[in-house]
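One letter stands for each residue in the lines below.
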Amino acid sequence: IFINYSKNKGRGYALRQGINIAKGKFILTTESDLSWGDEIIEKLYLSIKNKENEIVIASPHKKGGGFINVPLTRRLISKIGNYVFRKFVNNKITMYTGMTRIYRSEFIKNLKLFENDKELHVEIISKAILLEVSIGEIPCILTWPNEKKIKSNFNLKKFYFSHLFLAFTVNPKKYMVFFLVSSFFISILSLFYGIFNYINNKVSIYLI
């Protein structure tokens, strides 16, 4: 089955349309260039069919996985971004942002999804964590073609803020504690900095 629409509405929108019309017990999503290897479909299928997982994710960050020809900056962004997200949501998943996954059809079709861009990947995992469903991972190698030929429309600023927001929805208490503690230490540092400058006659205090 092919889906066609005239205007590009984003990766998330396309995936949601595909999920809606997909048939079968499992639904697998991956890049069309098979950058995860020819065997990725079989590996994901075998990893979910006899287990209780609702989702299984292909991860280059899991032990045994890795990258080939992926620029260092993109590897670092992915590694750091997924690490921070993992710490905020208190989960052991190593790859929240990747598209290459397999789902149990009943679970993913009944999940209310709204994101139209790459944030959909994190939205799915965030909601799965909140629902306390079982999520598995398998180590995989992500291979890009010659990196000099790659053009990317990756938006770091959008990636940063959208993923922090989704992490906040999963574990808002941890975010509030983080910001409160950070604000406290910034206030203390500012106070001591002001006192130091006052003692050294670098600033004057006027009482009105």
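Use the structure listed above.
Read on for an overview of the structure. (Residues numbered from 1 in each chain as written. Predicted model: local features only at pLDDT ≥ 70, side-chain atom pairs only at ≥ 80, totals over all residues. Heavy atoms only, no water.)

## Description of the overall build of the chain
Okay, so step 1: Helices and strands together make up the secondary structure of the chain, namely seven helices and six strands.
Okay, so step 2: In sequence order, the secondary structure elements of the chain are arranged as α-β-α-β-β-α-β-α-α-β-β-α-α.
Okay, so step 3: Out of the 208 residues in the chain, the part that is buried amounts to 37%.
Okay, so step 4: The long-range fraction of contacts in the chain, counting pairs at least 24 apart against all pairs at least 6 apart in sequence, stands at 73%. (Helix = DSSP H or I, 4+ residues; strand = E, 2+ residues; numbered from the N terminus. Buried < 20%, exposed > 50% of the residue type's maximum accessible area, 1.4 Å probe, protein only. Contact = heavy atoms within 4.5 Å.)

## Thoughts on the packing of aromatic side chains
Okay, so step 1: For the coordinates displayed, the defined rule picks out two aromatic pairs.
Okay, so step 2: Both rings, one in tyrosine 5 and one in tyrosine 13, keep their centres 5.2 Å apart while their planes meet at 90 degrees; by these two values the pair is edge-to-face.
Okay, so step 3: The class of tyrosine 5 is partly exposed, set by a relative accessible area of 27%.
Okay, so step 4: Between phenylalanine 26 and tyrosine 45 the ring centres are 5.7 Å apart and the planes differ by 80 degrees, which places this aromatic pair in the edge-to-face class. Here tyrosine 45 lies in helix H2 (residues 40-48) and phenylalanine 26 lies in strand E1 (residues 26-29), a separation of 19 residues in the sequence. (Phe/Tyr/Trp six-rings, centres within 6.5 Å; stacked < 30°, edge-to-face > 60°.)

## Quick notes on the side chain of threonine 97
Okay, so step 1: Its location among the elements puts threonine 97 in the loop between helix H3 (72-89) and strand E4 (101-104).
Okay, so step 2: Only 3.3 Å separates the side chain of threonine 97 from the side chain of asparagine 82, close enough to count as a polar contact. (Polar contact = N/O pair within 3.5 Å; in protein donor to acceptor, adjacent residues only side chain to side chain.)

## Remarks on the pairing of strand E2 (residues 55-59)
Moving residue by residue along a regular strand, the side chains alternate between the two faces of the sheet.
Okay, so step 1: By the criterion of burial, E2 is predominantly enclosed, with five of the five residues buried.
Okay, so step 2: Residues Ile55, Ile57 and Ser59 of E2 are buried on one face, and the alternating residues Val56 and Ala58, pointing to the opposite face, are buried as well.
Okay, so step 3: In this structure, E2 lies alongside E4, joined through three bridges in antiparallel fashion. Within E4, the residue paired with isoleucine 57 across the bridge is arginine 101. (Pairing = 2+ DSSP bridges.)

## Re the nonpolar core
Okay, so step 1: If you look at the biggest cluster of nonpolar residues, it comprises 36 residues, and the most contacted ones within it are Ile55, Ile108, Ile124, Ile125 and Ile135.
Okay, so step 2: By residue number, the principal contributor to this core is helix H5 (residues 119-130), which donates six residues.
Okay, so step 3: Those residues in contact with isoleucine 108 that lie beyond four places of it in its chain are Ile19, Ile27, Tyr103, Leu113 and Ile124. (Core = buried A, V, L, I, M, F, W, Y, C linked by side-chain atoms within 4.5 Å.)

## So, the pairing of E4
Okay, so step 1: Side chains Arg101 and Tyr103 of E4 all project onto a buried face; the interleaved residues Ile102 and Arg104 project onto the opposite face, where all are buried too.
Okay, so step 2: Of the pairings in the sheet, the one linking E1 to E4 comprises four bridges and is antiparallel in character. If you follow phenylalanine 26 over to E4, its bridge partner there is arginine 104.

## Thoughts on the pattern of salt bridges
Okay, so step 1: Applying the stated criterion across every chain, the model contains one salt bridge.
Okay, so step 2: Here glutamate 123 ties to lysine 127 by a salt bridge, and the two come within 2.7 Å at their closest N and O atoms. Taken together, the positions of glutamate 123 and lysine 127, both in helix H5 and four residues apart, correspond to about one turn of that helix.
Okay, so step 3: Owing to a relative accessible area of 5%, glutamate 123 belongs among the buried residues under this scheme.
Okay, so step 4: Owing to a relative accessible area of 22%, lysine 127 belongs among the partly exposed residues under this scheme. (Salt bridge = Lys/Arg side-chain N within 4 Å of Asp/Glu carboxyl O.)

## As for empty space enclosed by the protein
Okay, so step 1: Summed over all chains, the structure comprises one cavity of 30 Å³ or more.
Okay, so step 2: Considered as a void within the structure, the largest cavity measures approximately 30 Å³ in volume.
Okay, so step 3: If you go around the largest cavity, the residues you meet are Leu15, Ile19, Thr29, Met99, Tyr103, Leu120, His121 and Ile124.
Okay, so step 4: With three residues, H5 is the largest single contributor of residues to the lining of the largest cavity.
Okay, so step 5: Tallied by class, residues from the lining of the largest cavity come to six nonpolar, two polar and no charged. (1 Å grid on protein atoms, 1.4 Å probe; cavity = no way out; pocket = protein on both sides within 12 Å on 5 of 7 lines; lining within 4 Å. Points joined across faces, edges and corners; volume = space filled by probe spheres on them. Nonpolar A, V, L, I, M, F, W, Y, C, P; charged D, E, K, R; others polar.)

## A few points about unusual backbone geometry
Okay, so step 1: Its identity as a non-glycine residue notwithstanding, asparagine 69 has a phi of 65 degrees, on the positive side.
Okay, so step 2: With respect to the element layout, asparagine 69 can be found in the loop between strand E3 (66-68) and H3.

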